[in-house]
Amino acid sequence: MAVSMRDLDSAFHGQDRRRILHSIVFGMEIWRIENFRPVPIPKSSHGKFFTGDSYIILKTTVLKSGAFRHDIHYWLGKDTSQDEAGTAAIKTVELDAALGGRAVQYREVQGHETEKFLGVASGFKHSVTNEDNHETRLFVCKGKRVVHVKEVPFARASLNHDDVFILDTKSKIFQFNGSNSSIQERAKALEVVQYIKDTYHDGKCDVAAIEDGKLMADAETGEFWGLFGGFAPLPRKAASDDNVNSEPFSVKLLCVEKGQTVGVETDSLTKDLLETNKCYILDCGAEVFVWLGRSTSLEERKSASSAAEELLQGLGRPKAHMVRVIEGFETVMFRSKFDAWTLTETNDVAVSEDGRGKVAALLKRQGLNVKGLMKADPVKEELQPYIDCTGNLQVLSARCIKDPYSSSEQSKFYSGDCYIFQYTYPGDDREDYLIGTWFGNESTGEERASAISLSSEMLESLKYQAALACIHQGKEPIQFFSIFQSFIVYKGGISSGYKKYVTDNAVPDETYSEDGIALFRVQGSGPENMQSIQVEPVSSSLNSSYCYILHSGNTVFTWSGSLATTEDQELMERQLDLIKPNVQSKPQKEGSESELFWNLLGGKCEYPSQRISKNVESDPHLFSCTFSEGNLQATEIFNFTQDDLVTEDILILDCHSEIFVWVGKQVDSKTRSQALNIGTKFIEHDFLMEKLSAETAIFIVTEGNEPAFFTRFFTWDSAKSSMLGDSFQRKLAIVKNGVARALDKPKRRTPTSIGGRSGVPEKSQRSRSVSSFSPDRVRNPNARNLSTPPPVVKKLYPKSGSPAAATLSSSFEEARGSLTLQSSEAPPETEATNGAKDGSAGTSIEHLSIKESLKEGATGDEEGLPTYPYERLKVTSSDPVEGIDVTKRETYLSSAEFREKLGMAKDAFFKLPKWKQNKLKMAVQLF
């Protein structure tokens, strides 16, 4: 739809169009209809809606893909005129056109707003009729997740046992909790109390909670009823429009032609019925959708919107929800009304950049950076695990958790087996735990059930103070690969369950053999995240974007695809050290392979060249869940915050590539035990119609033990998840006192001992060196030397530093009793003060800590670092040093031994390229 700005209201272009830019940059803009024109509302008045007016609200969100999502709501006060309501509807269409024709438009009627609107406008969802801040007013609040607020007459007759009421007086705010109201409803109403307290009382007034049925039990209860002239029994709640059960409604599709609606005759609703050059109305009873084809004109869209308004008025449904969607940007709710319409089918629509281009041009003229505003190009971000990778990993069989695998075998999995892993790592102020199951693609149902049962027992033994992961082969999240760093998947299996399956079904046993023919695809992003996956040994398994390892006994080939990078080749060299150490390989480049290479693969044939697509993380969606008798109901929470994680509930955070099931502390044990089942049911239902894979990774997260890779989706306050009491008691403490005083800091258990081994990680147990590259290994003279540094652990948390840093910290604690720091009494001229001035205040303390932490047999060099003898630092040492960074062994050598072993001084060595440093270190067994 090509639109001239002359066709749009001047509020949406020219000088006033800065309001739209404000929404794009800052997220929100509001207009009020005055004299049939939209007039921008200043930010200071965003909290005030008048019942006699109509408003337009624009909410703009930047998605992870870099694209903008525009939601436009036009709100109609209960006393607004029909003319103003019609103007708001038409101007909303014009605003969408100014933004490029992609916004979803919602009709909101006071008292009957959509949940999405109440989520967006959570800070200003209260309608007011005057500016008298001290007039006594009574409000009724409804809703567990988003609160509907309505002012009612200040009279005892307005109260009932089913709802929550707020009485705002000059000196005190009362919240009356009907005896039949839920804890969640009471807690949500407290947000309104907080709003009234901050807006009309400057944050300074008393708050009282009145419980229905207490009569005159305390002074505040007596004070409350005294305002109503004394206590008297409450009447039963009168029937309202909300309580009337609607009759079954037959969905109707209407085509709008020249402002008139014509019914579309069809046995079933399909996407093919919608023509791009027409507009349609989908009448679903309580809600009505207007679908606007991409090829329709602005006038046709206005006409369709007016026809929908007339339809609602004529059918006596003026309070029904109406949503307008543009072709290619349909909502999930709209698509769910049609047969077999999925999210991916909306991606093939050519999108006009006209509106966005004009917005970006205006931003540029105002001196703002407009890079990324023109097109919805994906935002290229390096995946981060958001988990400390220096912890202790233990891997166990799905049948027995008493005998963990050795460190050399714990990263070698079989696709026919299942595994359990327990990972203990440093958290903010305690040890954190992740327990997980990994299901091979060929594993049996019995093995999977056993793995789930054992991992659940482990979680229970930790009193649910751990995150639980359920992971399928091929759908592993970044956290899994970062924990293992180097990971190999062999075909077949070694478990009794797999062997029994092969025997019972008389199928070939494809279990990997070192002496047989095997082909491995190498993948990953670096030494801290690399995998080898065994695939079928045929040429069709090759891919030009990867590197491969092929062996037949001790005959080994390495194959580099024409689109593979240097980094891919280096990863292949590292994986070769693990799969076939000390064997000379025969390098093959795509296009110049030997005849023997193709013979081992059964001959040459076509193979793909594009990288294998993976599920990428999408914008998160939060759902509240109700699970009863095997049935799951999920309701999306829009514009969610940490406060939406209600302690009595189970919620699901859907990120497409993985889902998180969050379990509140107050959830009963029976429902808690169903958390994994709830996650599985959620994936089956696919509420967002995004084609969720049945093998999507599931994380179970309990309140108070949320890992960083979950909390990153929120603005997180750990104190909130550690509070005592139910959700109402917690919020009441905050509203009354301004701070959360009742904090529950759970005691942390020592990790469960597995196989007689303590779960507390010792630094020597978890070597971060991911390959056992031997300096004596015979290499092809033409093969590329390893040129990447050893795996580098990304320090996402400053306090979870290297093992040496951990040692320093503990040593400083031990020495604290005998060391007195006089910094608070030191004169300005002291060394400590001077250090603080030049930004090196921690230097003297750091060096002091280092010297205090020198271990037996260690000395200090001139740089203040601990040093150890070469014989204890080399990889093959019989008496290795513990508690050092094994990726930087050379830094612990004395200056003399450093020069003797590496042939140069330290400063000269560290100026060399990394690959050259590694080569020299390999030669002297320091790598």
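Owing to the predicted nature of the structure, the values given are computational and were not obtained by experimental measurement. (Residues numbered from 1 in each chain as written. Predicted model: local features only at pLDDT ≥ 70, side-chain atom pairs only at ≥ 80, totals over all residues. Heavy atoms only, no water.)

Caption draft 1: Structural view of the overall build of the protein. Of the regular secondary structure elements, the protein holds 24 helices and 35 strands. When contacts within the protein are restricted to residue pairs at least 6 apart in sequence, long-range pairs at least 24 apart make up 67% of them. Working note: accessible area of the protein is about 43,200 Å², and carbon and sulfur atoms make up 50% of it. (Helix = DSSP H or I, 4+ residues; strand = E, 2+ residues; numbered from the N terminus. Contact = heavy atoms within 4.5 Å. Areas by Shrake-Rupley, 256 points an atom, 1.4 Å probe, with all protein chains shown as cover.)

Caption draft 2: Region of the structure containing the sheet that holds strand β30 (residues 631–637). In space, the 9 strands of this open sheet follow the order β18-β20-β21-β22-β33-β32-β31-β29-β30, with mixed pairing throughout. Two strands in the sheet have a free side with no partner beyond their single neighbour: β18 (392–397) and β30. Strand after strand, the sheet turns through a mean of 20° between neighbouring axes, direction not considered. Of the strand pairs in this sheet, strand β31 (residues 650–654) and strand β32 (residues 658–663) are connected by 5 bridges, and their pairing is antiparallel. Within β32, the residue paired with D654 across the bridge is I659. Most of the contacts of helix α9 (residues 445–461) go to strand β21 (residues 431–439), to which it runs at about 170°, and overall it touches β18, β20 (418–426), β21 and β22 (467–472). (Pairing = 2+ DSSP bridges. Axes fitted to C-alpha atoms, helices over the stretch in contact; angles between N-to-C directions.)

Caption draft 3: Expanded view of the packing of aromatic side chains. With the rule as written, the count across this model stands at 55 aromatic pairs. Among the aromatic residues, those joined into a ring-pair cluster are Y405, F413, Y419, F421, W438, F480, F481, F484 and F487. Here the guanidinium or amino end of R521 rests over the ring plane of Y546, the centre of that ring lying 5.6 Å away. In this arrangement the basic side chain of R672 is found over the ring face of Y464, its NZ or CZ atom lying 5.1 Å from the centre. (Phe/Tyr/Trp six-rings, centres within 6.5 Å; stacked < 30°, edge-to-face > 60°. Lys NZ or Arg CZ within 6 Å of the ring centre and 35° of its normal.)

Caption draft 4: How the structure looks around the nonpolar core. Residues L434, F480, F484, L653 and F660 are the most contacted members of the largest nonpolar core, which totals 53 residues. Every residue in contact with F660, bar those within four places of it in the chain, is listed here: L651, I652, L653, C655, F699, V701, F709, F710 and F713. Counting 33 residues, the second largest nonpolar core, distinct from the first, contains A398, C418, Y433 and L632. (Core = buried A, V, L, I, M, F, W, Y, C linked by side-chain atoms within 4.5 Å. Buried < 20%, exposed > 50% of the residue type's maximum accessible area, 1.4 Å probe, protein only.)

Caption draft 5: Up close: the side chain of D417. Mapped onto the secondary structure, D417 falls in the loop between β19 (412–414) and β20. In this structure, D417 is buried with no salt-bridge partner, the nearest side chain bearing the opposite charge being K499 at 7.9 Å. A distance of 2.6 Å separates a polar atom in the side chain of D417 from a polar atom in the side chain of S495. If we ignore the near neighbours within four places in the chain, the residues touching D417 are W438, F439, G440, S443, G492, G493, I494, S495 and Y498. (Lys, Arg positive; Asp, Glu negative; His and termini not counted. Salt bridge = Lys/Arg side-chain N within 4 Å of Asp/Glu carboxyl O. Polar contact = N/O pair within 3.5 Å; in protein donor to acceptor, adjacent residues only side chain to side chain.)

Caption draft 6: Seen up close, the pairing of strand β12 (residues 206–211). Summarising the sheet, strand β11 (residues 172–177) and β12 pair through 6 bridges and their orientation is parallel. Of the residues in β12, the one forming a bridge with N177 is E211. The parallel pair β11 and β12 is bridged by helix α4 (residues 183–200), and the resulting crossover is right-handed. (Right-handed = clockwise from strand over helix to strand, strands pointing away.)

Caption draft 7: Spatial organisation of the confidence of the model for the protein. Scored by pLDDT, the protein has a mean of 79; 76% of the residues are at 70 or more. Scored below 50 in pLDDT, residues 344–355 makes 25 contacts in the model with residues more than four places away or belonging to other chains. (pLDDT = per-residue confidence, 0-100.)

Caption draft 8: Local environment of the pattern of salt bridges. With the rule as written, the count across this model stands at 32 salt bridges. Several salt bridges share partner residues, and in doing so they unite K91, E94, E299 and K302 into one network.

Caption draft 9: How the structure looks around the packing of α4 against helix α17 (residues 727–737). Where α4 meets α17, the axes come as close as 8 Å, and the angle between the chain directions of the two elements is 15°. Comparing their axes, α17 and α4 come out roughly parallel. For the pair α4 and α17, the sense of crossing is left-handed. Counting all contacts with α4, which are made through I183, Q184, R186, A187, L190, E191, V193, Q194 and K197, the residues of α17 involved are S727, F728, K731, L732, I734, V735 and K736. (Parallel < 35°, antiparallel > 145°, perpendicular 65-115°, else oblique. Left-handed = near helix turned anticlockwise from the far one by under 90°.)

Caption draft 10: Geometry of the sheet that holds strand β26 (residues 547–552). Across the sheet, which stays open at both edges, the 7 strands sit in the order β19-β23-β25-β24-β26-β27-β28 with mixed pairing between neighbours. Only two strands of the sheet have a single partner each, and these edge strands are β19 and β28 (585–589). Along the sheet, successive strands turn relative to each other by an average axial angle of 20°, direction set aside. Bridge count between strand β27 (residues 555–560) and β28: 5 bridges; the pairing is parallel.

Caption draft 11: Main features of α9. Compared with the 24 Å implied by 1.5 Å per residue over 17 residues, the 24 Å span of α9 between its first and last C-alpha is a close match. Along α9, the positions that sit buried rather than exposed are E447, S450, A451, L454, S455, M458 and L459. In this structure, the buried side of α9 is in contact with β18, β20, β21, β22 and α11 (496–505). (Expected span 1.5 Å × (residues − 1).)

Caption draft 12: Just the environment of A307, in detail. You can see A307 is positioned in helix α6 (residues 298–314). Judged by relative accessible area, which is 7%, A307 ranks as buried. Here the alpha-carbon distance between A307 and K258, two residues 49 residues apart in the chain, equals 9.6 Å.

Caption draft 13: Molecular detail of the state of the cysteines. A complete count under the given rule lists 0 disulfides for this structure. The thiol of C418 is not disulfide-bonded; the next cysteine sulfur, from C470, is found 9.3 Å away. (Disulfide = S-S within 2.5 Å.)

Caption draft 14: Main features of unusual backbone geometry. For K463, which is not glycine, the phi torsion reads 55° and is therefore positive. The topology assignment puts K463 in the loop between α9 and β22. For Q485, which is not glycine, the phi torsion reads 65° and is therefore positive. Mapped onto the elements of the fold, Q485 is located in the loop between α10 (478–484) and β23 (486–490). Overall, the relative accessible area of 3% leaves Q485 in the buried class.

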